[in-house]
Amino acid sequence: TPQAQCNEPCPPGYRKGPSGGIHACCYHCVPCSDGEISNVIDSEICHKCLDDYWPDERKVKCIPKTYDYLSYEVDILSQAFYIISVLCSAVTLYILALFILFRDTPIVKANNRTVSFILLISILLSFLCVFLFLGRPVDITCMLRQMSFGIFFSIAVSSVLAKTITVYIAFKASKPGSYWRKWVGEKISNSTVIICSSIQLLICVIWLSVSPPYQEYDMDSYPGEIVIQCNEGSVIWFYSVLGYMGFLAAVSFVLAFMVRTLPDSFNEAKYITFSMLVFCSVWIAMIPTYLSTRGKYMVAVEIFAILASSAGLLGCIFFPKCYIIIIKPERNSRKHILTKVKL
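One numbering rule holds for all chains: residues counted from 1, following each sequence as written. Local features in this predicted model are restricted to residues of pLDDT 70 or higher, and side-chain atom pairs are both shown and tallied only at a pLDDT of 80 or more, whereas totals for entire chains, interfaces and linings draw on every residue. As a rule here, side-chain values cover all heavy atoms of the structure and leave hydrogens and water aside.

(A) Representation of the overall build of the protein in the model. Put simply, DSSP marks the helices as runs of H or I at least four residues long and the strands as runs of E at least two long, and each gets a number from the N terminus on. Helix and strand content of the protein: nine helices and nine strands. Only protein chains enter the accessibility calculation, which uses a 1.4 Å probe; a residue whose area is less than 20% of its type maximum is buried, one above 50% is exposed, and one in between is partly exposed. Classification of the 343 residues of the protein by burial places 44% in the buried group. For accessible areas, the Shrake-Rupley method is used with a probe of radius 1.4 Å. Any residue's cover is judged against the shown protein chains and nothing else. Accessible area of the protein: about 18,100 Å², with a carbon and sulfur share of 66%.

Dropping the structure here:
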């Protein structure tokens with residue numbers, strides 16, 4: 001009698017499939033499909049593994065899937081982001097300390113030093129919020145990461161907008177009998193930061209109330225892996241946060257471009273123009289890349305955009321001032337300003 005057959009027995013990891021011939025004892029050995037196993041010889045069917053299990057290489061037993069996220073311990077990308085964020089935060093703290101130390105000098109007082117301090121602190125917080133994107137996501141970090149990112153960046157861009165408005169009003173008020181003279185001062189700048197940031201805060205509060213982000217397990221994107229990620233909840237509100245931030249950046253860019261040639265030694269308009277150009281370029285490039293990736297690489301794209309745009313703001317706006325404070329202190333004087341204006 002087990003010898004009347006046209007082929008060798010099917011090994012584990014395969015199942016018997018009909019050959020289509022006239023002999024019932026003839027069959028093909030068909031490999032088990034993805035996610036299925038067989039652990040006996042000449043199996044008629046393959047058995048599907050549970051959702052959190054995956055077949056081994058031979059497809060003879062189910063083994064637990066591995067969890068995938070930006071881990072501090074094993075992911076080089078996560079470690080790189082950690083180091084970059086720490087270094088950028090240290091540089092921002094150094095610049096903040098430098099500005100506090102030289103707070104009474106003309107270059108720090110130019111274009112509202114209070115707004116400069118707010119901008120530096122918001123850039124620092126933007127660098128630090130990267131840590132919420134690293135490690136294993138949970139519900140609370142999923143909510144905090146997008147809210148903190150949206151609010152901190154809005155404060156930063158609102159501060160840049162306030163600086164731009166200060167330069168624009170100063171330019172308009174320089175003409176004799178100008179209507180804009182009564183708007184010169186810190187009040188309009190501070191109000192701009194408060195109002196523009198409050199709108200973004202309101203958007204985030206509504207987002208949390210309607211459909212907040214939460215942790216989810218993606219079982220299907222990558223074979224053998226469970227991607228632990230954050231579901232943004234409402235995509236509409238997520239893009240509302242990005243859209244509002246882009247609107248503030250666009251307004252800042254247009255105003256700064258209009259007054260970039262203002263003859264002032266400490267005029268920030270040309271630096272703001274370039275910083276907003278960098279900022280907008282990063283986020284415009286980020287959106288299609290973000291939509292075309294999955295899992296931890298989607299998070300990595302957003303982290304890169306946060307680091308790059310924050311560094312762009314820091315470098316374009318504050319590095320030229322630090323250069324004058326540290327390398328060219330003779331230019332950080334009222335006498336130099338008056339000479340420059342007369343020329």
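(B) Local environment of helix α3 (residues 113–128). Given the number of residues in a helix, its expected span is that number minus one, multiplied by 1.5 Å. For α3, built from 16 residues, the straight-helix expectation of 22 Å at 1.5 Å per residue is met to within 8% by its first-to-last C-alpha distance of 23 Å. Here α3 has its buried residues at Val115, Ser116, Leu119, Leu120, Ser122, Ile123, Leu124, Ser126 and Phe127.

(C) Structural context of the sheet that holds strand β9 (residues 225–231). A pair of strands is considered paired only if DSSP assigns at least 2 bridges between the two. Pairing is mixed across the open sheet formed by three strands, whose spatial order is β7-β9-β8. Because the sheet does not close on itself, it has two edges, and the strands there are β7 (66–68) and β8 (214–218). Averaged over all adjacent pairs, the angle separating strand axes in this sheet is 30°, with direction ignored. All axes here are fitted lines through C-alpha atoms, helices being fitted over the stretch that makes contact, and every angle between N-to-C directions spans 0 to 180 degrees.

(D) Region of the structure containing the packing of α3 against helix α8 (residues 295–326). Where α3 meets α8, the closest approach of the two axes is 10 Å, and the angle between their N-to-C directions is 150°. When the axes of α3 and α8 are compared, the pair comes out roughly antiparallel. For the crossing formed where α3 meets α8, the hand is left-handed. Residue-level contacts link Ser116, Leu119, Leu120, Ile123, Ser126 and Phe127 of α3 to Ile306, Leu307, Ser310, Ala311, Leu313, Leu314, Ile317, Phe318 and Lys321 of α8. Of the residues contributing to the contact of α3 with α8, the split by class is eleven nonpolar, three polar and one charged. Roughly parallel here means an angle under 35 degrees, roughly antiparallel means over 145, roughly perpendicular means 65 to 115, and every remaining angle is called oblique. Left-handed is the label given to a crossing in which the near helix is rotated counterclockwise from the far helix by less than a right angle, and right-handed is the label when the rotation is clockwise. Note on contacts: a residue pair qualifies if any of its non-hydrogen atoms lie within 4.5 Å across the two residues. Ten residues, namely Ala, Val, Leu, Ile, Met, Phe, Trp, Tyr, Cys and Pro, are considered nonpolar, four, namely Asp, Glu, Lys and Arg, are considered charged, and the remaining ones, Gly among them, are considered polar.

(E) Seen up close, unusual backbone geometry. Here Asp42, not a glycine, exhibits a phi torsion of approximately 55°, which is positive. Locating Asp42 in the fold gives a position in the loop between β3 (36–37) and β4 (47–48). Backbone geometry places Lys59, a non-glycine residue, at a positive phi of 60°. Relative to the helices and strands, Lys59 is located in the loop between β5 (53–55) and β6 (62–64).

(F) Looking closely at the side chain of Thr166. Among the structural elements, Thr166 can be located in helix α4 (residues 139–173). Discounting chain neighbours no more than four positions away, the residues touching Thr166 are Asn111 and Ser189.

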